[in-house]
Amino acid sequence: MSAIRQILITNVFGQFLANDILGIVGTGKLRLPDFWPGDLLGTNELFPDIETAGRQLYRLFYTMVSFVTLGTSFSIYLALGSDRSIYGNSMDLGIESWMVTIPFAVAVLSGAFSLTSLVNASPLGLMPSFRAQTGEETNDVGAATVPAGNTLLGITRDDEMKFDPKGLTRITRHPLILPVVPWGFATAVLAGGRPADVILFGGLSLYAIAGCYCQDLRVLREEGSVGTTFFGSDESRIINKKLKSFYDQTSFLPFGAAVDGRQSWDSLTREFPILPFLIAIPFSFTIETAFLRFLGVEYNLF
């Protein structure tokens, strides 16, 4: 689907569906409330132009396709049987239980890293970035922002901030999706280590790698949208320069940019969002435990 992605976004979902059929492009009728922080390019309008409308509808379509394919795979996996754990359905962990404690710790910490990325915005993710607004503003492409006083609690959305590597993006430019790789392999072990476990959860890990790699290729080849950034308009081409700068300063592999000198270890450790990460750990622990119980596997960790 990546090969025809931009054609689908612009011609099918943008021009044909959103503009010609639904007539929702640039009408100004579908928008967030004035007090809600909108982005700097489209302000608060949900479908300001064909590119944006096509991108939003394409995401909905892609989510539905992913839900069907993954849901089907997971249904088949669940139908294979309930004897999932090579350790039994319950286990008291001791010194000899490293085969459980290590993958469980990997799964929990990976999940916590992904959860933390939700407050560490990246131009490759869908989470916006926010800041306090100071008076009437325009961005560097001349587009007017939301007037002062019309934002929620004085906070305005500013996605251009995401192009400056900070915190987790100094470690990897894919802080949300790349942790799926260790999580998938660790969960495959915890779920039982059977071929079905390795195929499903290991497959998710490989899919995460492929997805991040294809996202990088789209940026390098300037092939349409990635995350909250898209190409095709004059404003977006200016933003694209910032995106390329972001790529030049960051790495695909964790800590790669720090190892080769593009990022400093001091900035990486100083900006690491330690408090959100610590808060995310118990949430990740709860999610992983509940998920394993859903699969019929339960470990007595304490």
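Definitions and cut-offs
Residues numbered from 1 in each chain as written. Predicted model: local features only at pLDDT ≥ 70, side-chain atom pairs only at ≥ 80, totals over all residues. Heavy atoms only, no water. UniProt positions renumbered as here; feature names shortened; annotations may be inferred. Helix = DSSP H or I, 4+ residues; strand = E, 2+ residues; numbered from the N terminus. Buried < 20%, exposed > 50% of the residue type's maximum accessible area, 1.4 Å probe, protein only. Contact = heavy atoms within 4.5 Å. Areas by Shrake-Rupley, 256 points an atom, 1.4 Å probe, with all protein chains shown as cover. Expected span 1.5 Å × (residues − 1). Bend = angle between axes of the 7 residues up to and from the residue. Phe/Tyr/Trp six-rings, centres within 6.5 Å; stacked < 30°, edge-to-face > 60°. Polar contact = N/O pair within 3.5 Å; in protein donor to acceptor, adjacent residues only side chain to side chain. Salt bridge = Lys/Arg side-chain N within 4 Å of Asp/Glu carboxyl O. pLDDT = per-residue confidence, 0-100.

An unreviewed UniProt entry annotates the chain as NnrU domain-containing protein originating from Pseudo-nitzschia multistriata. Note on the chain: under the UniProt heading Subcellular location (unreviewed entry), the record states "Membrane".

S.K.: Is there a simple way to think about the overall build of the chain in this case?
M.R.: Along the chain, the regular secondary structure elements total nine helices and two strands. Start at the N end of the chain and walk to the C end: the helices and strands fall as α-α-α-β-β-α-α-α-α-α-α. Within the span of the chain, comprising 302 residues, buried residues form 43% of the whole. Considering only residue pairs separated by 6 or more positions, the chain has 73% of its internal contacts joining residues 24 or more positions apart. About 15,700 Å² of surface is accessible on the chain, with carbon and sulfur atoms providing 67% of the total.

S.K.: I tried to follow the environment of A210 on my own but got confused; where do I start?
M.R.: If you trace the backbone, A210 turns up in helix 5 (residues 195-220). C-alpha of A210 to C-alpha of L178: the two residues are 32 residues apart in sequence and 9.9 Å apart in space.

S.K.: Looking at this model, I keep getting lost on helix 1 (residues 5-21). Mind explaining?
M.R.: Residues spaced three or four apart along an α-helix face the same direction, because each turn holds 3.6 residues. Here helix 1 spans only 20 Å end to end across 17 residues, well under the 24 Å set by a 1.5 Å rise per residue. Considering bend angle alone, the principal kink of helix 1 is centred on G14 and spans about 35 degrees. Of all the positions in helix 1, only R5, L8, I9, T10, F13, G14 and A18 are classed as buried. Residues of helix 1 that are buried make contact with helix 2 (50-79) and helix 5. Just downstream of helix 1 lies G23, where phi reads positive at about 65 degrees.

S.K.: Explanation requested: the environment of E298 in the structure shown.
M.R.: Locating E298 in the fold gives a position in the segment after helix 9 (274-294). The spacing of E298 and L190 is 108 residues in sequence and 9.3 Å in space, taken between C-alpha atoms.

S.K.: Just checking my understanding: could you explain the packing of aromatic side chains for this structure?
M.R.: We describe a pair of aromatic rings using the distance from one ring centre to the other and the angle between the two ring planes. Applying the stated rule across the entire model yields 14 aromatic pairs. Centre to centre, the rings of F255 and W265 are 5.9 Å apart; their planes meet at 15 degrees, and the pair counts as stacked. Of this pair, F255 sits in the loop between helix 6 (234-249) and helix 7 (256-259) while W265 sits in helix 8 (residues 265-271), and the two are 10 residues apart along the sequence. F255 sits in the partly exposed class, given a relative accessible area of 35%. You can call W265 partly exposed: its relative accessible area is 44%. With centroids separated by 5.5 Å and ring planes inclined at 70 degrees, the aromatic side chains of F272 and F277 adopt a geometry described as edge-to-face. You can call F277 buried: its relative accessible area is 14%. An aromatic cluster of three or more residues is present, and its members are F74, Y77, W183, F201, F291 and F294.

S.K.: Can you walk me through helix 2 in this structure?
M.R.: Here helix 2 contains 30 residues, and its C-alpha end-to-end distance of 43 Å stays within 8% of the 44 Å for a straight helix at 1.5 Å per residue. Among the residues of helix 2, E51, T52, A53, G54, R55, L57, Y58 and Y77 are the ones counted as buried. Looking at where helix 2 begins, the residue whose side-chain oxygen comes 3.3 Å from the main-chain nitrogen of E51 is D49.

S.K.: How should the pattern of salt bridges be read in this particular structure?
M.R.: Between side chains of opposite charge, a pair can form as their charged atoms come close. Evaluated as defined, the whole model comprises five salt bridges. In this structure, the salt-bridge partner of R170 is E271, at a minimum N-O distance of 2.6 Å. Note that R170 is positioned in the loop between strand 2 (155-157) and helix 4 (180-190) and E271 in helix 8, a separation of 101 residues in sequence. The shortest N-O distance in the salt bridge between D260 and R262 comes to 2.9 Å. Here D260 falls in the partly exposed class, since its relative accessible area comes to 46%.

S.K.: Can you walk me through the confidence of the model for the chain in this structure?
M.R.: In regions of low pLDDT, the predicted coordinates are not meant to be interpreted in detail. Here the chain averages 80 in pLDDT, while 75% of its residues score no lower than 70. Counting contacts from residues 85-96, a segment whose pLDDT is below 50, to residues more than four positions away or on other chains yields 25 contacts. Confidence over residues 146-150 falls short of pLDDT 50; this stretch has 13 contacts with residues more than four positions distant or in other chains.

S.K.: It is not clear to me how the UniProt feature "transmembrane region" (unreviewed entry) in the chain should be interpreted in this structure. Could you clarify?
M.R.: The sites that UniProt annotates as "transmembrane region" (unreviewed entry) are residues 60-80, 100-121 and 272-295. End C-alpha to end C-alpha, residues 60-80 measures 30 Å, and it is 95% helix and 0% strand. Across residues 100-121, helical content stands at 77% and strand content at 0%; the span's end C-alpha atoms are separated by 32 Å.

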